[in-house]
Amino acid sequence: GAPVRITGFRGLEEDRPGYIVFGLDLSGSMDTELEAVRAAVLQFAETFRFRGRKTRIGLVTFSDQVVSSHRPSLMAGDFRRWIAQLPASAGGAGEDGTHAMIKGASMPFAHDAERVFIMLTDESLQMNQGGRSALKLGDGTTAICDRLNRGALCFQRCKTARCRCQCAMKLG
């Protein structure tokens, strides 16, 4: 696809802690984009360090299953090392982005933190056995729809960021 540049991030200078977890697709179809993705996420992370925002950055990599998971860290060197150590490809098809999102959402966060999950993939959201297991679903069809509907209703009632975070925690 075409390169995309993140030009702003609302609340960049806010004082509350921030937690950003990147979900990176390492499937074979991402081979040609992986170097550009590495550069973009490193530049994005550097923006927070440069601005002095205390932001912990984590990483979940996936293909047809979750490949690796790194809890959010304040140490910029940790994130750079994780990105540098990414394999060229983890192969697989039928990327399990759902499992990656659940893995990212289940990481420990400060109660007052701003939580963001950014997924970089070339596929639509898919769910394999890992995602179904993480959601504790059998066949997944009815149960996931019910869970997502309850989450959507929760978000509609919210007026504050704290309330929306609580809704997100109920989903994850």
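Our structure is the block above this text.
Each value, and the rule that gives it
- Residues numbered from 1 in each chain as written.
- Predicted model: local features only at pLDDT ≥ 70, side-chain atom pairs only at ≥ 80, totals over all residues.
- Heavy atoms only, no water.
- Helix = DSSP H or I, 4+ residues; strand = E, 2+ residues; numbered from the N terminus.
- Buried < 20%, exposed > 50% of the residue type's maximum accessible area, 1.4 Å probe, protein only.
- Contact = heavy atoms within 4.5 Å.
- Salt bridge = Lys/Arg side-chain N within 4 Å of Asp/Glu carboxyl O.
- Pairing = 2+ DSSP bridges.
- Axes fitted to C-alpha atoms, helices over the stretch in contact; angles between N-to-C directions.
- Phe/Tyr/Trp six-rings, centres within 6.5 Å; stacked < 30°, edge-to-face > 60°.
- Parallel < 35°, antiparallel > 145°, perpendicular 65-115°, else oblique.
- Nonpolar A, V, L, I, M, F, W, Y, C, P; charged D, E, K, R; others polar.

A. Quick look at the overall build of the protein. For the protein, the helix and strand inventory stands at six helices and four strands. From first element to last, N terminus to C terminus, the protein shows the α and β order β-α-β-β-α-α-β-α-α-α. Buried residues in the protein amount to 34% of all 172 residues. Sequence separation of at least 24 residues holds for 75% of the intrachain contacts in the protein that already meet a minimum separation of 6.

B. Just the pattern of salt bridges, in detail. Scanning the model with the defined rule gives three salt bridges in all. Notably, a salt bridge pairs R38 with E35, separated by 3.3 Å at the nearest N-O pair. Highlighted residues: R38 and E35, both in helix α1 (residues 34–51), separated by three residues, approximately one helical turn. On the accessibility criterion, E35 (55% relative accessible area) is exposed. Between R80 and E46 there is a salt bridge; the shortest N-O distance is 3.0 Å. With R80 in helix α2 (residues 76–84) and E46 in helix α1, this pair connects stretches of sequence that are 34 residues apart.

C. The sheet that holds strand β3 (residues 66–73), seen in detail. As summarised here, the arrangement of the four strands in space is β3-β2-β1-β4, forming an open sheet in which the pairing is mixed. Only two strands of the sheet have a single neighbouring strand rather than two, namely β3 and β4 (114–120). Neighbour to neighbour, the strand axes of the sheet diverge by 10° on average, direction disregarded. Pairing between strand β1 (residues 18–25) and β4: seven bridges, direction parallel.

D. Just the packing of aromatic side chains, in detail. Enumeration according to the criterion identifies four aromatic pairs in this entry. Taken together, a centroid distance of 5.1 Å and an interplanar angle of 70° make the contact between Y19 and F109 edge-to-face. Highlighted residues: Y19 in strand β1 and F109 in the loop between α3 (97–105) and β4, separated in sequence by 90 residues. Of the residues examined, Y19 reaches a relative accessible area of 8% and is grouped as buried.

E. Here's a closer look at the packing of α1 against α2. Interaxial distance between α1 and α2 falls to 11 Å at its minimum, and their mutual angle equals 180°. Between α1 and α2, the angle is such that the two are roughly antiparallel. Facing α1, whose interface residues are R38, V41, L42, A45, E46 and R49, α2 presents A76, F79, R80, I83 and A84. Per-class residue counts for the contact of α1 with α2 are seven nonpolar, no polar and four charged.

F. Up close: the pairing of β1. Burial within β1 is extensive, with eight of its eight residues counted as buried. The alternating pattern of β1 places G18, I20, F22 and L24 and Y19, V21, G23 and D25 on opposite faces, both of which are buried. Direction of pairing for β1 relative to strand β2 (residues 55–62): parallel, over a ladder of eight bridges. Bridge pairing in β2 links G18 to T55.

Honestly, that's just the spatial picture; any functional story needs more than this.
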